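For reference, the chains in residue letters:
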Amino acid sequence: MRITVTVDGTTYTDEVEPRQLLVHHLRDTIGKTGTVVGCDTSNCGSCTVHLDGQSVKSCSVLAVQVDGAEITTVEGLARDGVLHPVQQAFHDNHALQCGFCTPGMIMQSIDLLADDPDPDEHAVRHGLEGNLCRCTGYQNIVRAVQDAASKLKPGATHLVGGE
């Protein structure tokens, strides 16, 4: 099947097998290797991307389902070499250890902050409960999301990347 999809601002038209998962299309066909293959069962969240502005686990979406859609991967977040505020907050707060879950955590965190721009610790933990990290214990991830929230607030003067 032929699909056309916009990924990180670039439009791609490709032939795909009807059973090909979006995560494999992104990695193997388009070259977006920042989208990680974790479990292939939608349990870990490492493959999270934004599909038309909403976070989805790309291992649970078929490539044919995204025909005509707009996808943002972790690689499409930075602008002109400047990290997105959530990416910067993860860096600043040491919210990673091995880094395997980080792309999915960042993408889900952005979606979480779009729904709740000022989450408390419980809201962050609840919003990220579909994304697993086996290394950090989540404390620094929660701290990073709350730090990013403070930088994304309207009127914040310490924004990263001019957002």
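Bear in mind the structure is a predicted one, so any value in this text is a computation, not a measurement.

Peer 1: How should I be thinking about unusual backbone geometry in this particular structure?
Peer 2: Trans is the common state for peptide bonds, and a negative phi is the common state for residues other than glycine. A positive phi angle is found at Ser42, which is not glycine, with a value near 65°. One can find Ser42 in the loop between α1 (22–30) and β3 (48–51).

Peer 1: Can you help me understand the packing of helix α3 (residues 102–115) against helix α5 (residues 139–152) in this one?
Peer 2: The description of two helices packed together rests on the angle between their axes and the distance between the axes. Contact geometry for α3 and α5: axes closest at 11 Å, N-to-C directions at 45°. Classified by the angle their axes make, α3 and α5 are oblique. Crossing of α3 against α5: the hand is right-handed. Touching Met105, Ser109, Leu112 and Leu113 of α3 are Ile141, Val145, Ala148, Ala149 and Leu152, all from α5. Residue composition of the contact of α3 with α5, grouped by class: eight nonpolar, one polar and no charged.

Reading guide: rules and limits
- Residues numbered from 1 in each chain as written.
- Predicted model: local features only at pLDDT ≥ 70, side-chain atom pairs only at ≥ 80, totals over all residues.
- Heavy atoms only, no water.
- Helix = DSSP H or I, 4+ residues; strand = E, 2+ residues; numbered from the N terminus.
- Axes fitted to C-alpha atoms, helices over the stretch in contact; angles between N-to-C directions.
- Parallel < 35°, antiparallel > 145°, perpendicular 65-115°, else oblique.
- Left-handed = near helix turned anticlockwise from the far one by under 90°.
- Contact = heavy atoms within 4.5 Å.
- Nonpolar A, V, L, I, M, F, W, Y, C, P; charged D, E, K, R; others polar.

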